[in-house]
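# Examination of the molecular architecture
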Amino acid sequence: MRHASARPPRFSPLLSALAVLVTLAAGVAAGPALADCTDAAEPKVNWRRCSLQGQTLTGVDLSGAMLRDATFQRAALGQAKLTEADGYRAKFISATAPGAVFDGARLIEADFTRADLTGASFRDADLRNAKMVGASLVRADFTGARISGTDLRQADLSGARWTDGTHICAESSVGQCN
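First things first, this report covers the structure right here in the doc.

Thresholds, definitions, all that
Residues numbered from 1 in each chain as written. Predicted model: local features only at pLDDT ≥ 70, side-chain atom pairs only at ≥ 80, totals over all residues. Heavy atoms only, no water. Disulfide = S-S within 2.5 Å. Helix = DSSP H or I, 4+ residues; strand = E, 2+ residues; numbered from the N terminus. Buried < 20%, exposed > 50% of the residue type's maximum accessible area, 1.4 Å probe, protein only. Phe/Tyr/Trp six-rings, centres within 6.5 Å; stacked < 30°, edge-to-face > 60°. Polar contact = N/O pair within 3.5 Å; in protein donor to acceptor, adjacent residues only side chain to side chain. Contact = heavy atoms within 4.5 Å.

### Quick notes on the state of the cysteines
- For the structure on display, the rule yields two disulfides.
- In this model, cysteine 37 is linked to cysteine 50 through a disulfide, with the two sulfur atoms separated by 2.0 Å. Given an S-S torsion of about -85°, the disulfide between cysteine 37 and cysteine 50 has left-handed geometry. A residue pair is termed long-range when its members are at least 10 positions apart, and cysteine 37 in the segment after helix H1 (13-30) and cysteine 50 in the segment after H1 qualify at 13 residues.
- A residue is classified by how much of its surface remains accessible, and cysteine 37, at 35% relative accessible area, is partly exposed.
- Taking the relative accessible area as the measure of exposure, cysteine 50 reaches 1% and is therefore buried.
- Within the protein, bonded cysteines paired by disulfides and numbered along the sequence follow the pattern 1-2, 3-4.

Pasting the structure below:
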């Protein structure tokens, strides 16, 4: 009488290859992690496409944050640090951000319409094609900022430091630095 052996069952190479392919496909289908709009405000947070309308974010550190297409309409961002943040097409419409620091930030096509940016710093920021219509930019610092195509209609630039780092805009500079 022969005894049954206790060998584990063998899988064919075809089944093993299929198992590997299914595992890989599941990983690819998951794709990159999406922003969790409820994540705490911290450096390098991913708030891409998040709506933070009306939020109080005074004094937060969002250095290096991913803010592409995010909305900060009517948000309070006074003294916030957004150094080197990526705010491509972000919306800061009617936000209050006096003293906020946007140094080195990528703010191409961002919308700051009617925002209070009094004393804000945009040193070395990329503001190409940004919209700053009616914004308060009193005493803002634009040293080294790229501003080609930026719409400054009705923006108050009184006392702002211009892109060359030396010129200070005259009082009552509206729409352009005089």
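### Notes on the packing of aromatic side chains
- Using the criterion set out here, one finds nine aromatic pairs in the structure.
- Aromatic side chains phenylalanine 92 and phenylalanine 102 sit 5.8 Å apart centroid to centroid with 90° between the ring planes, which places their arrangement in the edge-to-face category. With phenylalanine 92 in the segment after H1 and phenylalanine 102 in the segment after H1, this pair connects stretches of sequence that are 10 residues apart. The same class applies to phenylalanine 92 and to phenylalanine 102, which are both buried.
- Taken together, the ring pairs in this structure connect Trp47, Phe72, Phe92, Phe102, Phe112, Phe122, Phe142 and Trp162 into an aromatic cluster.

### What about unusual backbone geometry?
- The backbone phi angle of serine 94 is positive, close to 60°, even though this residue is not glycine.
- When you line up the elements, serine 94 lands in the segment after H1.
- Phi at asparagine 129 takes a positive value of approximately 60°, unusual for a residue other than glycine.
- Residue position: asparagine 129 is located in the segment after H1.
- Residue asparagine 129 is classed as partly exposed on the basis of its relative accessible area of 45%.

### A few points about the side chain of aspartate 141
- Within the secondary structure, aspartate 141 sits in the segment after H1.
- Among the residues examined, aspartate 141 registers a relative accessible area of 15% and is labelled buried.
- Among the polar contacts listed, one links the side chain of aspartate 141 to the side chain of arginine 123, at a separation of 2.8 Å.
- Apart from the residues within four sequence positions on either side, aspartate 141 is in contact with Ala120, Ser121, Phe122, Arg123 and Arg161.

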